[in-house]
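Remarks on the overall topology
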Amino acid sequence: MRNSRFWVTLTAACAVSGIASPVSAQEIGSTAPAILAKDPEYRQSQIRVGPFTLKAGAEAEGEYNSNVFAEPAAARSDFIARIRPYAEIEHAAGSFTTSLSGKLDARRYADFTSENAEAYNATLTTRFSPREGEALFLTGSIDRAIEDRGDPEARRVQGIGPRIYRIAGGSAGYTRQGSRFLIEAVGDARNVNALDPIDDDRDYSSYSARLTVGYRPGGPFYFTGTGYYNRLNFRLPEAVTNVDRDVSTIGGMVGIRFADGGLISGGVSAGIFRLKADDDLRPHRTGFSMQGLLTYRPRERTALNLNLFSGDVASFRAGGSTRNETRIGLSVDQEIRHNLLGSAEVGWERTKFVGSNVRQDRVRVSGGLEYLVNRRLSVFGRASYGTRSSDDPLDEYNRFQAGLGVRVRL
């Protein structure tokens, strides 16, 4: 059942593949979550309050950033204090499970106080599971998201803070995973609203639908086939040309997905898509799409994770109709000692702006350690280095970040 719940969540997320998220998300809770979740001594326990279960905690971190504004030269550094509380409450009644979760990320800069901001997420999910391996779910969420200054199309103007987005949406889906066959159907709708009026041209709504079927020939995995449809409706036409920017994408992928209990979990798919613009002046396009998340556990306390994505996402860059992104990430979670966890990651990303000659390449390496004092308290440290090259010299930058903090798990 745990693996089935993972795939419901992943499928909902993948339903909006090809739709750009305007920000970078940061996970809260552990340096090596694939290891901590399997350790009964240290993994976070739930608190029972009548018919409800509660999970809550917080992180407090001091961070150094060598290049706050992702500048190609004369980089400016700063120290940032961050507080990240989170909580989740769940109620189970027979085949129904309902959960409400929330998290906050408040950051304060020592010198560049215009960068001070708060992000949050609230998510409500209801799940009906009449039998093992089968589930229906409904999810609604609202996010306040902060743009990362190092993102491909981030704001370059300084002194007025990063862009802030409000993202509201929901998903509905059905999944059934049996010994031979699986089927998943997911629909998703999102509204992305840039809160600053000068960014009204970045407001859009997205709609997507996805159907996956799979067959298990008798080994540890399913062969899968997926068809999907994405729709982007922009609030405003292109600013200079007044061209309609709305587009539709239809695509198909084939792949494999691993079943429960083996050395490998997750899946990967690849295929092609066809993008059609509403305005006849904009060219249609066919391209390659890929997505995947695989975890390999050669030993009980080691997890290797591979994350893959390739596809079109929304673009707001002058001269570009959409942008194509390819991302490859490899990470390892490791229990170094029984109460000392470590992680390391390397990632590469290529961004091509369709309709212009601009290309960006980003490489990032990072690592972290977490010392578990007990089930409820730990201290952690992390460091990362990233660099971006581009056909546009103004897009290039190098950045080093490091942080020290404390985690509390109630």
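The chain is annotated in an unreviewed UniProt entry as Outer membrane beta-barrel protein of Qipengyuania pacifica.

A few words now on unusual backbone geometry. The phi dihedral of alanine 70 falls on the positive side, at around 50°, and the residue is not glycine. We note that alanine 74 has phi near 50°; this positive angle belongs to a residue other than glycine. Here alanine 74 shows up in the loop between strand 2 (52-65) and strand 3 (78-93). Relative accessible area serves as the criterion here: at 66%, alanine 74 is assigned to the exposed category.

Before going further, it helps to spend a moment on the pairing of strand 18 (residues 377-390). The pairing of strand 17 (residues 359-372) with strand 18 spans 13 bridges and is antiparallel. Bridge pairing in strand 18 links valine 363 to threonine 387. The hairpin formed by strand 17 and strand 18 contains 4 residues between the paired strands. Of the strand pairs in this sheet, strand 18 and strand 19 (residues 397-409) are connected by 12 bridges, and their pairing is antiparallel. Across the sheet, residue serine 384 finds its bridge partner in strand 19, namely glutamine 401. Connecting strand 18 to the next strand, strand 19, in antiparallel fashion are 6 residues.

Relative to strand 7 (residues 164-177), strand 6 (residues 134-146) runs antiparallel, the two sharing 13 bridges. Directly across from leucine 138, in strand 7, lies its bridge partner alanine 172. Pairing of strand 7 with strand 8 (residues 181-194) involves 13 bridges; the strand directions are antiparallel. From the neighbouring strand, alanine 168 faces strand 8, where its bridge partner is asparagine 191. A loop of 3 residues connects strand 7 with strand 8, the two strands running antiparallel in sequence.

To continue, consider the pattern of salt bridges. Overall, the coordinates contain 34 salt bridges when judged by the stated rule. As a salt-bridge pair, arginine 235 and aspartate 200 come within 3.4 Å of each other at their nearest N and O atoms. Taken together, the residues arginine 235 in the loop between strand 10 (221-234) and strand 11 (247-258) and aspartate 200 in the loop between strand 8 and strand 9 (204-215) connect sequence positions 35 residues apart. One salt bridge in this structure joins glutamate 325 and arginine 323, with 2.7 Å as the shortest N-O distance. Neither residue differs from the other here; glutamate 325 and arginine 323 are each classed as buried.

What counts, and at which threshold
- Residues numbered from 1 in each chain as written.
- Predicted model: local features only at pLDDT ≥ 70, side-chain atom pairs only at ≥ 80, totals over all residues.
- Heavy atoms only, no water.
- Helix = DSSP H or I, 4+ residues; strand = E, 2+ residues; numbered from the N terminus.
- Buried < 20%, exposed > 50% of the residue type's maximum accessible area, 1.4 Å probe, protein only.
- Pairing = 2+ DSSP bridges.
- Salt bridge = Lys/Arg side-chain N within 4 Å of Asp/Glu carboxyl O.

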